[in-house]
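Close look at the chain arrangement
Next come the chains, spelled out residue by residue.
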Amino acid sequence: MTITPILLSGGNGTRLWPASRKSFPKQFAPLIGKHTLFQASALRLSGSEFGAPVVMTGAEFRFIVAEQLSEIGIDPAAVLIEPSARNTAPAILAAALYLAAKDPEALMLVAPSDHVVPDSEAFARVVHQGVPIARQGRIVTFGIQPSHPETGYGYLELDGTPSDNVSALRRFVEKPDEKTAADMIAAGNFLWNAGIFLFEARTMILAFETYAPEFLEPVRAALKESQCDLGFLRLAADPWKKLPDLSIDYAIMENASNLSVVRFAEHWSDLGGWDAIWREAQKDKPAIRGVVTDARSTAIDCDNVLLRSEEEGMELVGIGVRDLIVVATGDAVLVADMNRAQDVREAVGALKEKNARQAESFPRDHRPWGWYETLALAERFQVKRIVVKPGAALSLQSHFHRSEHWVVVSGTARVTIDDTVTLVTENQSIYVPVGSVHRMENPGKVPMVLIEVQTGAYLAEDDIIRYEDVYART
């Protein structure tokens, strides 16, 4: 028996703003422990019972997915690129059709890639308990034993009390208010909805044929017209954009009659807000007076606070504050009442309305070759720090409106300007005239760092023509 994990990794994580944003969401950040949440999820769903994972993600994250899996020694079975965000229903159907083409009876374990489950062995045992149920043509969902009246989660109402941790599902319950959540926990037959599912590929396809047939033709066409792209499978955009934007809960689960629930009683969190980060930090080492800080934060006479500085070199200090969440990054600071953690997404919406870049983007922009960040920006100039990974290369490109001056501060750059190739080492510089065809490469074995000074009338990232690109970007 082999279970194929399906890792869903396209979410935005707005409730963990400003540390999680659309350009680099929470699943790819090391919020808890040394691994990112995505890496921890992939490791948790590895081992003798699990096959290589299938990852569903967006085009902007495909190289991050590949790099983070490579760092932990996992080779994916496939990385399917969704042309646009259409929620979980199309993604899960695409994965089911992809696997069913090879084996209609393939067992699939669908899991978000941003959960925290410290006891991987206990989770694997619970998954194993669901296998014979899934082999009967049922859809198995995993419910979490509640530890408190949480308003940020949906709930599963069981059809009776679980027997041997397994029960039929009576209904899904949307995220409740605090009183309703407390009443459900007191009733004893409600579990948190983890959004984790186990089923055979053919079972899920049949469910779509029965309850949501409008998804089938576009997803099949997107797979049939898909193209291989540097080891990724890029689903076709035209049929994909015809799909409804709908979650698997609404499309299938709330309609299906063949659902079973397996209870998971060990620790679990989806890190759905900063209050969850605060609780998670106290799991192994209870905080004194409820104070959770990181290495760059200091609390003086505080109670029940989370102080977190995401920026190296920025010290965060709280004095005499109570029941607060304070998170600082290089370009934004969040200050929120601990009881309003679920409302952080409203701040993101407010920032979008005022066209604030901080709503969705970080100063640091990740690329397949490395990353860059803007250090200074004015009307006719921009200063960037650029870090290029060993052996990596930027595209061969030109600009209409700007010239560039590069100063290498660490490592060596191989620079192509028109027909001239030059090695530029530490403390050396080179000028790239406007309109010249140029490329920057790192031929060394350590990261190469340089400072780029752009000057010109227009400095946006869309002023670029690519002639060659090893990463097949357009």
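Note: the structure precedes this text.
Residues numbered from 1 in each chain as written. Predicted model: local features only at pLDDT ≥ 70, side-chain atom pairs only at ≥ 80, totals over all residues. Heavy atoms only, no water.

**Quick notes on the packing of helix α3 (residues 88-100) against helix α7 (residues 216-224)**
A pair of packed helices is captured by two measures, namely the crossing angle of their axes and the spacing between those axes. Contact geometry for α3 and α7: axes closest at 10 Å, N-to-C directions at 60°. In terms of orientation, α3 and α7 fall into the oblique class. Here α3 and α7 pass one another in a crossing that is right-handed. Contacts from Pro-90, Leu-93, Ala-94, Leu-97 and Tyr-98 of α3 reach α7 at Leu-216, Val-219, Arg-220 and Leu-223. A class-by-class count of the residues in the contact of α3 with α7 yields eight nonpolar, no polar and one charged. (Axes fitted to C-alpha atoms, helices over the stretch in contact; angles between N-to-C directions. Helix = DSSP H or I, 4+ residues; strand = E, 2+ residues; numbered from the N terminus. Parallel < 35°, antiparallel > 145°, perpendicular 65-115°, else oblique. Left-handed = near helix turned anticlockwise from the far one by under 90°. Contact = heavy atoms within 4.5 Å. Nonpolar A, V, L, I, M, F, W, Y, C, P; charged D, E, K, R; others polar.)

**Considerations on the side chain of Arg-44**
Relative to the helices and strands, Arg-44 is located in helix α1 (residues 37-44). Buried and without a salt bridge, Arg-44 has Asp-114 as its closest oppositely charged side chain, separated by 7.7 Å. Residues in contact with Arg-44, not counting those within four places in the same chain, are Phe-50, His-115, Val-117, Ser-120 and Phe-123. (Buried < 20%, exposed > 50% of the residue type's maximum accessible area, 1.4 Å probe, protein only. Lys, Arg positive; Asp, Glu negative; His and termini not counted. Salt bridge = Lys/Arg side-chain N within 4 Å of Asp/Glu carboxyl O.)

**Re the pairing of strand β8 (residues 190-200)**
Extensive coverage of β8 is indicated by the burial of ten of its eleven residues. Sheet topology places strand β4 (residues 107-112) next to β8; four bridges connect them, and they run antiparallel. If you follow Leu-109 over to β8, its bridge partner there is Leu-198. Pairing analysis gives four bridges linking strand β5 (residues 139-144) to β8, with the strands arranged antiparallel. Bridging from a neighbouring strand, Val-140 pairs with Leu-198 of β8. With three bridges joining them, strand β6 (residues 155-158) and β8 adopt antiparallel strand pairing. (Pairing = 2+ DSSP bridges.)

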